[in-house]
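Listed here are the chains, written in short residue letters.
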Amino acid sequence: MKLEILQVPDCPNVAVLEDRVRQATAGHPIVLEISHRVIDDPDEAAAAGMAGSPTLLVDGVDPFAVPGQVPSVSCRLYRSESGGMDGAPSVGALRAALRLGPSDTPEDSRAAGDCCPPSDTTDSPASGLSTWRSAAQPADAAGKAIHQAVLRGFAATGRPPSTEELARIAARFDVSAASVLTHLHEADVIRLDTAGAIASAYPFSTSPTPHRVRITDGATVYAMCAVDALGMPAMLGTDAVITSADPVTSDPVEIAIRAGELTAQPATTVVFLGARAGSGPSADSCCNDLNFFTDRDTAQRWSDAHPHLDGAILDLAAARRLGEDIFGAQLFATSDHPDTVPPPAPPQC
C-alpha cells in the first residue's frame, strides 16, 4: 500500500499524521510506503488533489475527500473523535481509510464505519457511535446552510422545509438544492428516499418510529433512535418529553427533560446501544437497535435474543450524555439568518 502525504513547507501536522498512521497500523501485517510531496502553489495543489495540508493519498486516492472541498495550500481540518476539529485524521478514521480491522492493542475500537464496536464496557460502543455521527457533518457552506434549515424545519413543524425554501437557500451559493441534498445523503448527514425527498435528518425522521418527542414550544416529532431522542433537547436548547415503549414487553416509557433535569417512568429505564455487523448508514446499521427498555433485565433478554449485535446497556445518564455529545452543537449558527453564515476561513500553516 502506497501512502503519499501532500503538505505545505514545515506543516506542523505532518508529524501528527505520521504518528497516527503508525498507531493505526500497529499490530497489522501491512507494508507501507510513505512519501512526501511539498506543495506551495495553488495550481500545483489543484493538480495533485491537495485539499489543504496535510492531505493523505492512499494509492493515489484521498479517502477523506468531501463534496465541495476545494484545493488549498492552507491547513486542512479534520473532524475529531470528540466532534471538534483537528489537524489530522483520528487513528480510528485512518484504520477505516486503510481498511484495517481491530489491532491487538487494548484501546482499539472498530473503524468509524461501524457504529458500535464490541466491548465489555459501555464506553467503547458509545465512543464508536459518537465518532461515526460526529464525522458525518456537512463540510461546505451550502451543505451547512441546507442542513441547518432542515433541522430547524423539523423542530418547528415536524417536517423538513419545502422544496421552494431549500431552492432559495441553495441559490445563494449558486448550486442546486438537489445536488446539495445528494451530497448530504452520500455523507450520511441526511437520508433521501427513492424519489429524492428527505426521509430523515438525524435526529429527526419523517416516518413514524417508536420514539416520539414533544418539543416545548415546537413540534411533536419522531426520533431516529433512543439516543437521538435524548440529544434533541440539547440540540434545540429546550425542554422535551419523550415517549417510547419497551420492545420486549411493550410497556410504555416516558422521559421528561425540563430545565436540564431528567426524570423517567419507570425510573429503571435503560438504553441498549448496538449495531449490526458491517458498515453502512446509521439509519440502516444502528438506529433500529438503539431502544429504550424498562429495565436492564428486559434489555439483556433482548440482547440475548439478538446475538449478532454488538453493543452494551447504558443507563439513562450515559445515554443522554452520548446524545448531547452528538447533537448538542448541531445548530451552531447564531445570526438571525443562520443559513447564510459562511464557514470560518481555514487557518494558514
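This text gives an overview of the structure that appears in the document.

Thresholds applied
Residue numbers run consecutively from 1 along every chain, following the written order of its sequence. Reporting in this predicted model follows two pLDDT cut-offs: at least 70 for local features of residues, and 80 or more for side-chain atom pairs to be given and counted; totals over whole chains, interfaces and linings ignore these cut-offs and use all residues. Side-chain figures throughout are based on the complete set of non-hydrogen atoms in the structure, without hydrogens or water. When DSSP finds two or more bridges between a pair of strands, those strands are recorded as paired. Counting from the N terminus, the helices are DSSP H or I runs at least four residues long and the strands are E runs at least two residues long. Structural elements are reduced to axes, namely lines fitted to C-alpha atoms, with helices fitted over the stretch in contact, and the angle between N-to-C directions of any two is expressed from 0 to 180 degrees. The contact criterion used throughout is that any non-hydrogen atoms of two residues lie within 4.5 Å. Only protein chains enter the accessibility calculation, which uses a 1.4 Å probe; a residue is then buried when its area is under 20% of its type maximum, exposed when over 50%, and partly exposed in between. With the strands pointing away from the viewer, any crossover whose connection runs clockwise from the first strand over the helix to the second is right-handed. Two joining distances apply to patches: 9 Å for like charges and 5 Å for nonpolar side chains (Val, Leu, Ile, Met, Phe, Trp, Tyr), and every residue must have over 30% relative accessible area and no salt bridge. Accessible surface is estimated by sampling points in the Shrake-Rupley manner with a 1.4 Å probe; for residues, cover comes only from the protein chains shown. Note on definitions: salt bridges are taken to be side-chain nitrogens of Lys or Arg within 4 Å of carboxyl oxygens of Asp or Glu. This count recognises Lys and Arg as positive and Asp and Glu as negative, with His and chain-terminal groups excluded. Working definition for charges: the position is that of NZ of Lys, CZ of Arg, CG of Asp or CD of Glu.

A closer look at the sheet that holds strand β1 (residues 2–7)
Strand pairing in a sheet is mediated by backbone hydrogen bonds. Such pairs are either parallel or antiparallel.
Now for step 1: The strand order across the open sheet built from 3 strands is β2-β1-β4, with neighbouring strands paired in mixed fashion. Unpaired on one side and paired on the other, β2 (33–38) and β4 (55–58) mark the two borders of the sheet. Each strand axis lies, on average, 20 degrees off the axis of its neighbour in the sheet, ignoring direction.
Now for step 2: In the sheet, β1 pairs with β2 via 6 bridges, with the strands oriented parallel. Of the residues in β2, the one forming a bridge with Q7 is V38.
Now for step 3: The sheet strands contacting helix α1 (residues 14–25) are β1, β2 and β4, and the helix crosses β1 at an angle near 160 degrees.

A closer look at the pairing of β1
Now for step 1: Judged by how many residues are buried, β1 sits mostly within the fold: 5 of 6 residues are covered.
Now for step 2: In terms of handedness, the path from β1 via α1 over to β2 forms a crossover that is right-handed.
Now for step 3: Both β1 and β4 contribute to a ladder of 4 bridges, which runs antiparallel. Its bridge partner being in β4, I5 is matched across the sheet by L56.

Description of a negative patch on the surface
Now for step 1: Taken together, D40, D41, D43 and E44 make up a surface patch of like negative charges.
Now for step 2: Within the secondary structure, D43 is located in helix α2 (residues 42–48).
Now for step 3: Overall, the relative accessible area of 62% leaves D43 in the exposed class.

A short note on helix α8 (residues 226–236)
Now for step 1: Among the 11 residues of α8, 9 are classified as buried, and the element is accordingly described as predominantly covered.
Now for step 2: Those residues of α8 that sit buried are A226, V227, D228, A229, L230, G231, M232, P233 and M235.
Now for step 3: Just past α8, the residue G237 takes up positive phi, approximately 65 degrees.

Thoughts on the pattern of salt bridges
A side chain with one charge may pair with a side chain of the opposite charge, provided their charged atoms come close.
Now for step 1: For the coordinates displayed, the defined rule picks out 6 salt bridges.
Now for step 2: One salt bridge in this structure joins D62 and R76, with 2.9 Å as the shortest N-O distance. Here D62 is found in the loop between β4 and β5 (72–75), whereas its partner R76 is found in the loop between β5 and β6 (78–79), with 14 residues between them in sequence.
Now for step 3: Look at D62 and you get buried, because its relative accessible area is 15%.
Now for step 4: Judged by relative accessible area, R76 falls into the buried class, the value being 2%.
Now for step 5: Where R320 meets E324, a salt bridge forms, and the shortest distance between an N and an O atom there is 3.1 Å. Taken as a pair, R320 and E324 lie in helix α11 (residues 316–327) at a separation of 4 residues, close to a single helical turn.
Now for step 6: Taking the relative accessible area as the measure of exposure, E324 reaches 29% and is therefore partly exposed.

Honestly, that's just the spatial picture; any functional story needs more than this.
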